[in-house]
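Close look at the chain arrangement
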Amino acid sequence: MKTPTLSKPLLAFLKAAASESRLRILLLFMDGEERTVNDISAAVRLEQSTTSEHLALMRRNGLLVSRRSGREVYYRPDGTAIAQHVAALGRLLRRCC
């Protein structure tokens, strides 16, 4: 029997989500509001540069999307990508568990 493997996108998504700081960032969006890096940095009590690194990684790996408005960049969860990754993980887990 062939051993199932994680796709590169799913593995990257899981790695991006596997951080307490990044999970705290993601939970900030439970109210449905967009946030800037400064808003997020203040809320999770991380330096702005550290927060920016987390946000970039989360955006690259399907957790967040961003939009620019003037000088500000606003972030929000990428609901479609998150749902696709969670569904892929569910399919994988159903095969083994």
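Structure first, text after, so check above.
Figured I'd write up the structure that's included with this text. As the structure is a prediction and not an experimental result, all values here were calculated from the model. (Residues numbered from 1 in each chain as written. Predicted model: local features only at pLDDT ≥ 70, side-chain atom pairs only at ≥ 80, totals over all residues. Heavy atoms only, no water.)

Bringing the overall build of the protein into the picture now. Counting its regular elements, the protein contains five helices and three strands. Tracing the protein from N to C terminus, the helices and strands come up as α-α-β-α-α-β-β-α. Based on the C-alpha atoms only, the size of the protein along its principal axes is roughly 55 × 20 × 20 Å. Counting over 97 residues, the protein shows a buried share of 32%. Within the protein, contacts between residues separated by at least 24 positions form 49% of all contacts whose residues are at least 6 apart in sequence. With the model as given, the accessible surface of the protein reaches about 6,600 Å², and the carbon-plus-sulfur share is 53%. (Helix = DSSP H or I, 4+ residues; strand = E, 2+ residues; numbered from the N terminus. Buried < 20%, exposed > 50% of the residue type's maximum accessible area, 1.4 Å probe, protein only. Contact = heavy atoms within 4.5 Å. Areas by Shrake-Rupley, 256 points an atom, 1.4 Å probe, with all protein chains shown as cover.)

Turning next to helix α5 (residues 79–96). Here α5 contains 18 residues, and its C-alpha end-to-end distance of 26 Å stays within 8% of the 26 Å for a straight helix at 1.5 Å per residue. Buried within α5 we find Ala-81, Ile-82, His-85, Gly-90 and Leu-92. Of the surrounding secondary structure, the elements contacted by the buried residues of α5 are α1 (8–17), α2 (20–27) and β3 (72–77). (Expected span 1.5 Å × (residues − 1).)

The tendency in soluble globular proteins is for nonpolar side chains to be buried as a group. Counting residues in hydrophobic clusters, the biggest one holds 16 residues, and the most contacted among them are Ile-25, Phe-29, Ile-40, Leu-55, Leu-63, Leu-64 and Tyr-75. Mapped by element, the contributors of at least two residues to this core are α1, α3 (37–44) and α4 (48–60). At four residues, the largest contribution of residues to this core is made by α1. If near-sequence neighbours (up to four positions away) are discounted, Leu-55 is found in contact with Ile-25, Val-37, Ile-40, Leu-64 and Tyr-75. (Core = buried A, V, L, I, M, F, W, Y, C linked by side-chain atoms within 4.5 Å.)

This part takes up the packing of α1 against α5. Relative placement of two packed helices is described by the angle separating their axes and the distance separating the axes. α5 packs onto α1 with a crossing angle of 105° between their chain directions and a minimal axis gap of 10 Å. In terms of axis orientation, α1 runs roughly perpendicular to α5. Listed contacts from α5 to Pro-9, Leu-10, Phe-13 and Leu-14 of α1 are Ile-82, His-85, Ala-88 and Leu-89. The residue makeup of the contact of α1 with α5, split by class, is seven nonpolar, one polar and no charged. (Axes fitted to C-alpha atoms, helices over the stretch in contact; angles between N-to-C directions. Parallel < 35°, antiparallel > 145°, perpendicular 65-115°, else oblique. Nonpolar A, V, L, I, M, F, W, Y, C, P; charged D, E, K, R; others polar.)

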